[in-house]
Amino acid sequence: MSDLLERLRGRGWRMTAQRRVVAEVLDGDHVHLTADEVHAAAVERLPEISRATVYNTLGEMVTLGEVMEVATDGRAKRYDPNAHRPHQHLVCGKCGAIRDVHPAGNPLADLPDTERFGFTISGVEVTYRGLCPNCAASA
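Keep in mind that this is a model prediction, so the values were computed, not measured.

**Examining the overall build of the protein**
- When its secondary structure is counted, the protein shows five helices and six strands.
- Its C-alpha atoms put the protein at 55 × 45 × 25 Å along the principal axes.
- Expressed as a percentage of contacts within the protein between residues at least 6 apart in sequence, the contacts between residues at least 24 apart total 46%.
- Side chains of the protein carry 16 positive and 19 negative charges; the gap between the two charge centres is 3 Å.

Given below as structure tokens:
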């Protein structure tokens, strides 16, 4: 059973066939699929699953905090099941590929008190941008 499925079951989330398939599609490392990509992969496993069911299921998973929405540069939102391990993203500016990265250190430590303007900070999102190896080779 996938980590995401285990987490959802641990929360007592009712596991329908449609929800199970969406969770299975999202399972894995460096998964950052759009809703349409999730739907296409889910249809291969469960042909009768509707686009609306996929969108609703993704929304519920985000609300539960088990999946994160990742938006980059006006592209379609992507869904990241790695919601419980702090990480940052590396994004290709050409093809939009996304990889999870786990640099050492605490990005909050790099923000001096004088730059916090009295904010109580609850989180940090860092996105590294560049070209993936395939796009760099074709440039």
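Moving on, there is more to tell.
**Notes on the pattern of salt bridges**
- Applying the stated rule across the entire model yields ten salt bridges.
- In this structure, E24 and R45 form a salt bridge, with 3.3 Å as the shortest nitrogen-oxygen distance. Taken as a pair, E24 in helix α2 (residues 17-26) and R45 in helix α3 (residues 35-45) lie far apart in primary sequence, 21 residues in all.
- Overall, the relative accessible area of 25% leaves E24 in the partly exposed class.
- By relative accessible area, R45 is classed as partly exposed at 47%.
- For R51, the salt bridge identified is with D36, shortest N-O distance 2.6 Å.

**A word on the packing of α3 against helix α4 (residues 51-64)**
- Taken N-terminus to C-terminus, the directions of α3 and α4 make an angle of 120°; their axes are 9 Å apart at the nearest point. Between α3 and α4, the angle is such that the two are oblique. Between α3 and α4 lies a crossing whose hand is right-handed. Every residue of α4 that contacts α3 at A35, D36, V38, H39 and A42 is listed here: R51, V54, Y55 and L58.
- For the contact of α3 with α4, the residue count by class is six nonpolar, one polar and two charged.

**Looking at the environment of T127**
- Along the polypeptide, T127 turns up in strand β6 (residues 127-130).
- Overall, T127 belongs to the partly exposed group, its relative accessible area being 36%.
- Spatially, the C-alpha atom of T127 lies 22 Å from that of L58, the residues being 69 residues apart in sequence.

**Quick word on unusual backbone geometry**
- Positive phi, close to 50°, is recorded for F117, a residue that is not glycine.
- Following the sequence through the fold, F117 ends up in the loop between β5 (98-101) and β6.

**A short note on the layout of surface pockets**
- There is about 530 Å³ of room inside the largest pocket.
- Considering the residues around the largest pocket, the lining is formed by 22 residues, among which M68, H87, Q88, V124 and E125 are closest to the centre.
- Mapped onto the lining of the largest pocket, the elements with two or more residues apiece are β2 (68-70) and β4 (88-92).
- Ranked by the residues each element gives to the lining of the largest pocket, the list is headed by β2, at three residues.
- For the lining of the largest pocket, the residue count by class is ten nonpolar, nine polar and three charged.
- Size it by volume and the second largest pocket reaches roughly 240 Å³.
- Along the walls of the second largest pocket sit 16 residues, with D3, G28, D29, P81 and N82 positioned nearest its centre.
- In terms of residue count, helix α1 (residues 3-10) provides more of the lining of the second largest pocket than any other element does, three residues in total.
- Grouping the amino acids of the lining of the second largest pocket by side-chain chemistry returns four nonpolar, five polar and seven charged.

Cut-offs used in this document
Residues numbered from 1 in each chain as written. Predicted model: local features only at pLDDT ≥ 70, side-chain atom pairs only at ≥ 80, totals over all residues. Heavy atoms only, no water. Helix = DSSP H or I, 4+ residues; strand = E, 2+ residues; numbered from the N terminus. Contact = heavy atoms within 4.5 Å. Lys, Arg positive; Asp, Glu negative; His and termini not counted. Charge placed at Lys NZ, Arg CZ, Asp CG, Glu CD. Salt bridge = Lys/Arg side-chain N within 4 Å of Asp/Glu carboxyl O. Buried < 20%, exposed > 50% of the residue type's maximum accessible area, 1.4 Å probe, protein only. Axes fitted to C-alpha atoms, helices over the stretch in contact; angles between N-to-C directions. Parallel < 35°, antiparallel > 145°, perpendicular 65-115°, else oblique. Left-handed = near helix turned anticlockwise from the far one by under 90°. Nonpolar A, V, L, I, M, F, W, Y, C, P; charged D, E, K, R; others polar. 1 Å grid on protein atoms, 1.4 Å probe; cavity = no way out; pocket = protein on both sides within 12 Å on 5 of 7 lines; lining within 4 Å. Points joined across faces, edges and corners; volume = space filled by probe spheres on them.

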